[in-house]
Amino acid sequence: MSNPSKTRTVEEINQKIRKGDAQVLTAEEMKKLVESSGVEVAFKEVDVVTTGTFGAMCSSGAIVNLGHSDPPIKIEHAWMNDVEVCHPGAAVDLFIGATNMSEKQPYEYGGGHVIQDLVAGKEVELRATSYGTDCYPRTALKTIITKEDLNQFYLLNFRNCYQRYNCAVNSSDETIYTYMSKLLPRFRNATFSGAGELNPLMNDPDYETMGMGTRIFLGGGQGYIIGEGTQHSPKNLNGTLMVKGDAKKMSPEFLQGGAFTGYGTSMYVGLGVPIPILNEGLARKTAIQDKDILTDIVDYSVPRRDRPKFGQVSYKELKSGAITVNGKKVRVSSLSSLKMAKKVSQTLKSWIDEGSFFLTSPVERLPTTTVFKPMRQTEEIPFVYSVMHKAVTCTEDEEIQAIAKRIVTKSVNHIVVVDETGRLKGIVTSWDITRAMAEGKKALADIESHNVVTAKPDEPLEIASKRMAQHNISALPVIDIEKKVLGIVTSEDVSELLGR
Amino acid sequence: MARILIRFNEEQVAEPIASQIIIEYKVPMAILSAHINSKGGEILAEVPDDILEKVVNAFRQRGVSVTVPKLIEVDSDKCFSCGSCIALCPVEAISLAKDCSVEFDKEKCLGSTCSVCVDACPARAIKSIKQNNSDSANREKKR
Ligand code: SF4
Ligand code: SF4
């Protein structure tokens, strides 16, 4: 089957790298070459295509070994620059998680920043406490460390390099702060993440060349793929990587802490995979373009696992700065840096060109059949629809007297004001009515509030309850997308069910 | 062009101070936004850099408060050109250059009065600096 002119091996490519005559193109250059000269020529001429991405990768972290103190301590709790780090091992091994936040500057400084500072050679304060044992008597510790003082300092990222990611929008009336950044109300902006056609996995979607042992560009140094990442979901083009690399040799340019207002901290990771062009198929696959990579437009204002979607867009549209959502033009911008992604692929190319980076064949390829399952939940949580009941309503032309009567006969505290088609206009409370009667007001318009805080039927009850507390109110009309009133949920309903 | 925020109190609103200054100094002042009623008000205006100081002082001599809302400051060492800020900007002052660097157009930016992009920057590279009334015009000139 193997026709010598139709394939090449990683060993052959490494020979060429050693001799200095391997042909290396960045993914960007490869696409141009295939477009102008075709797959056959591209396969003949190109040995390696370098890819790259630089984005916030929350499931990242670093494992460090501190060496033993005297007297020794078996660390139970530890903090680095006031960021709690975890102690998964015996005595002095710590894992710095990128999303753990500083106790003094939450949302601004976190584990990702600690890793960046260590990589940059900065001093980091370490505090630790313990319960003390016969062999590890010490119960408290405070010291200053740099990366030079650590025995091991390895980046160990259990989910990196998402093949592609959602485009996020917000249909609600309020600005929301998410891991997809700040989303302005009523679709006033959209965000996306990922490098599209430069993404490593997108350029080898069948994972022919990638798996355990593939040497990669990681954080400005060399690292390895050690397997599929968590939540790897290859069948719907949402593959991920688990990676490892010596952080002492990395650079703070390609590993940077990130701060997301209202969400928390993360770490931006620069990651690039060299793809050996072993056959024509790989030449064709690495020619993939942004226009061929589609992703969903997802409404992040709905706090559910399955959020509503508004169709698909290509990375070409996303990178153009504007997309169309529901027939409306929405400006869109990226969270991950295209500039840095390019720099990753160019740096990797230059390493191979100068013979300081050699390719490896994976000892086991990434799986192509993994399925990402949702959580098994043994307890159901209540949603707004589970407790909402029929709202007592009135229209704007009714007399206050009549409404007062309805409040008494129906024994409710809130009357929802609707128009003839049942759409929400406002709300009046029994207190509004009492005051209006005392002040001799007759018209509903004088007392009705139009600024109504509402709930959606499929929201978790907990969130609706929080909203009531936030606005210091005791009921929320439940409405659908067209503002039609479906019912009402009150704080009594909530306390009955949630017991608060 | 520099942006200034002019604040009138209740008495000053009744007088045609702004028109007087515009005529006296022949300032081509572009009004960007104005919120004025009988109780006082605010005007956000643009004046040419070379007469900025004169205009600011003229208003202040008449007892009107003027702030030069400083343009936000972007730390180019910290910015890694992610682009998160771009689509948030209401006046399209932020854009992607050819090499995918993110660039701020200081001419277009509304400055610290806007600040929409500030808390969205994951690198915390954008700062909005509110200046006090007294010496902002001078400091602006020195830069
Ligand atoms: S402060 Fe406002 S106007 Fe200026 S760049 Fe930021 S978002 Fe744009
Ligand atoms: S959000 Fe911050 S880091 Fe990203 S491009 Fe804007 S200024 Fe630069």
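Residues numbered from 1 in each chain as written. Chains lettered and ligands numbered in written order. Predicted model: local features only at pLDDT ≥ 70, side-chain atom pairs only at ≥ 80, totals over all residues. Heavy atoms only, no water.

K.L.:
Sorry, what's going on with the interface of chain A and chain B here?
P.N.:
How big an interface is tends to be stated in terms of accessible area lost as the parts join. Of the residues lining the interface, 28 residues belong to chain A; the matching set on chain B comes to 20 residues. At the boundary of chain A with chain B, total buried surface from both sides reaches about 1,900 Å², with 49% on carbon and sulfur atoms. When residues of chain A are sorted by the area they lose upon contact with chain B, A:Lys182, A:Arg331 and A:Lys339 head the list and together hold 32% of the total. Counting every contact that joins chain A to chain B gives 3 salt bridges. Measuring nitrogen to oxygen at the nearest pair gives 2.8 Å for the salt bridge that ties B:Asp119 to A:Lys182. Along the contact surface separating chain A from chain B lie 17 residue pairs in polar contact (both at pLDDT 80 or more). (Contact = heavy atoms within 4.5 Å. Buried area = accessible area lost by both parts, 1.4 Å probe. Salt bridge = Lys/Arg side-chain N within 4 Å of Asp/Glu carboxyl O. Polar contact = N/O pair within 3.5 Å; in protein donor to acceptor, adjacent residues only side chain to side chain.)

K.L.:
Can you help me understand the sheet that holds strand β27 (residues 393-394) of chain A in this one?
P.N.:
One key point about sheets: their strands pair by backbone hydrogen bonds, in either a parallel or an antiparallel sense. Residue and element names in this part refer to chain A. Reading across from one edge, β27-β28-β29 is the order of the 3 strands in this open sheet, with mixed pairing throughout. On the outer flanks of this sheet lie β27 and β29 (424-429), each paired with one strand and no other. As paired elements, β27 and strand β28 (residues 414-418) share 2 bridges and run parallel to each other. Pairing of Thr393 across the sheet is with Val416, part of β28. (Pairing = 2+ DSSP bridges. Helix = DSSP H or I, 4+ residues; strand = E, 2+ residues; numbered from the N terminus.)

K.L.:
How should the side chain of A:Asn199 be read in this particular structure?
P.N.:
Within the secondary structure layout, A:Asn199 lies in the loop between β14 (190-192) and β15 (211-212). A relative accessible area of 1% means that A:Asn199 is categorised as buried. (Buried < 20%, exposed > 50% of the residue type's maximum accessible area, 1.4 Å probe, protein only.)

K.L.:
Which parts of the structure should I look at to understand helix α10 (residues 461-471) of chain A?
P.N.:
Since the α-helix packs 3.6 residues into each turn, any two residues three or four apart lie on the same face. Residue and element names in this part refer to chain A. Of the positions making up α10, those classed as buried are Leu461, Ala464, Ser465, Arg467 and Met468. An end-on view of α10 places all buried positions within 155 degrees of arc, on one side of the element. Counted as exposed and oriented over 90 degrees from the buried face of α10: Lys466, Ala469 and Gln470. On its buried side, α10 packs onto α7 (384-387), β30 (475-479), β31 (485-490) and α11 (491-498). Once α10 finishes, Asn472 follows within two positions and takes phi at roughly 55 degrees, a positive value. (Arc of directions from axis to C-beta.)

K.L.:
What should I look at first to understand the packing of aromatic side chains in this one?
P.N.:
Here a ring pair, both rings aromatic, is described through the centre-centre distance and the interplanar angle of the planes. Going through the model one piece at a time under the given rule, you end up with 16 aromatic pairs over all chains. Measuring from centroid to centroid gives 5.0 Å for A:Phe217 and A:Phe254, while their planes differ by 85 degrees, and the two rings are edge-to-face. Taken together, the residues span a long stretch of sequence, with A:Phe217 in strand β16 (residues 215-218) and A:Phe254 in the loop between β18 (241-246) and β19 (255-260) at a distance of 37 residues. Here A:Phe217 falls in the buried class, since its relative accessible area comes to 0%. Through pairs of rings, three or more aromatic residues link up here, namely A:Phe54, A:Tyr162, A:Tyr165, A:Tyr179, A:Phe260, A:Tyr263, A:Tyr268, A:Tyr300 and B:Phe80. The residue whose ring lies beneath A:Lys244 is A:Tyr154, and the NZ or CZ to ring-centre distance is 4.8 Å. Its end group placed over the ring of A:Tyr300, A:Arg307 keeps NZ or CZ at 4.5 Å from the ring centre. (Phe/Tyr/Trp six-rings, centres within 6.5 Å; stacked < 30°, edge-to-face > 60°. Lys NZ or Arg CZ within 6 Å of the ring centre and 35° of its normal.)

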